[in-house]
Amino acid sequence: MTGLTRQEKKADTRMRIIKTAADMLQENGLDGLKTSQLAKAAGVAEGTIFSHFGNMEGVLFEVYKLEVQITLQQAAQSMRESTKLWEGLERYTRVIIEYYSQGTGPLIKRILFTEGEVSDQIRAQVRELIGYVDIFLQGQRDKKALKAEANCFRLAHIYYSITLAHLIVGLRMETFPKEDLIEHILFDFRIVMEGQMA
């Protein structure tokens, strides 16, 4: 890290802690992540973790935030690669549900039901998710796949609500039913879209 400014070193240390925590979560799950172990694996003092994140909840949220950001970008890219309405929505849904099926359930449950600053940041990610679907639906409306009067923003909100409802059910199950969730989300959204198709 020679030649880096203090701010760059701080950012580098922060990201190293987040990536190390993500790796440890993947290997050992939520119960296997302890501050002392994380500090050792990241090559920092335990106090450095508290200095950057306040507590382990702060670290966990940053891991979640980074993973969701990457997932949303991948989902949006996958959706944009399709020219067909239902193929694009299926691709988007598949990437989102795939992320949640990767054994991160306990972390997600812990994060989703947290209050305060974390919940504000989650709301920002929800707006981003809805925005990607809204833009895709607008493009489909422009291609005449949807009626000209279709309210794409409202439809994107409905899509999100359907996805979240099914996701919560899936997270409560012992085995995450990925394919069933994707099928049910798209089925329910097709019902909503019946009057919106051109």
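Heads up: the structure comes first, above all this text.
Residues numbered from 1 in each chain as written. Predicted model: local features only at pLDDT ≥ 70, side-chain atom pairs only at ≥ 80, totals over all residues. Heavy atoms only, no water.

**Comments concerning the packing of aromatic side chains**
Next, step 1: A full pass over the atoms with the stated rule returns five aromatic pairs.
Next, step 2: An angle of 40 degrees between the planes, with centres 6.3 Å apart, marks the rings of F61 and Y64 as tilted. Of this pair, F61 and Y64 both sit in helix α4 (residues 56-80), separated by three residues, roughly a single helical turn. This pair shows no difference in class: F61 is buried, exactly as Y64 is.
Next, step 3: Taking 6.1 Å as the distance between ring centres and 55 degrees as the angle between the ring planes, the aromatic pair formed by Y92 and Y159 counts as tilted. (Phe/Tyr/Trp six-rings, centres within 6.5 Å; stacked < 30°, edge-to-face > 60°. Helix = DSSP H or I, 4+ residues; strand = E, 2+ residues; numbered from the N terminus. Buried < 20%, exposed > 50% of the residue type's maximum accessible area, 1.4 Å probe, protein only.)

**A look at the packing of helix α1 (residues 6-28) against helix α3 (residues 46-53)**
Next, step 1: Two numbers describe how α1 lies on α3: the axes approach to 11 Å, and their chain directions differ by 105 degrees. Comparing their axes, α3 and α1 come out roughly perpendicular. In contact with K10, T13, R14, I17 and I18 of α1, α3 contributes T48, I49, H52 and F53.
Next, step 2: Each residue belonging to the contact of α1 with α3 can be placed in one class, and the counts come to four nonpolar, three polar and two charged. (Axes fitted to C-alpha atoms, helices over the stretch in contact; angles between N-to-C directions. Parallel < 35°, antiparallel > 145°, perpendicular 65-115°, else oblique. Contact = heavy atoms within 4.5 Å. Nonpolar A, V, L, I, M, F, W, Y, C, P; charged D, E, K, R; others polar.)

**Focus: the packing of helix α8 (residues 152-172) against helix α9 (residues 178-193)**
Next, step 1: Look at α8 against α9: their axes get within 10 Å of each other, and the N-to-C directions meet at 150 degrees. With respect to α9, the axis of α8 lies roughly antiparallel. Seen along the crossing, α8 lies across α9 with a hand that is right-handed. Residues L155, I158, Y159, I162, T163, H166 and G170 of α8 pack against L181, H184, I185, D188, F189, V192 and M193 of α9.
Next, step 2: Among the residues forming the contact of α8 with α9, the class breakdown is nine nonpolar, four polar and one charged. (Left-handed = near helix turned anticlockwise from the far one by under 90°.)

**Let's talk about the environment of A22**
Next, step 1: If you trace the backbone, A22 turns up in helix α1.
Next, step 2: Here the alpha-carbon distance between A22 and L66, two residues 44 residues apart in the chain, equals 9.4 Å.
Next, step 3: In this structure A22 touches V63 and E67, once residues within four positions along its chain are discounted.

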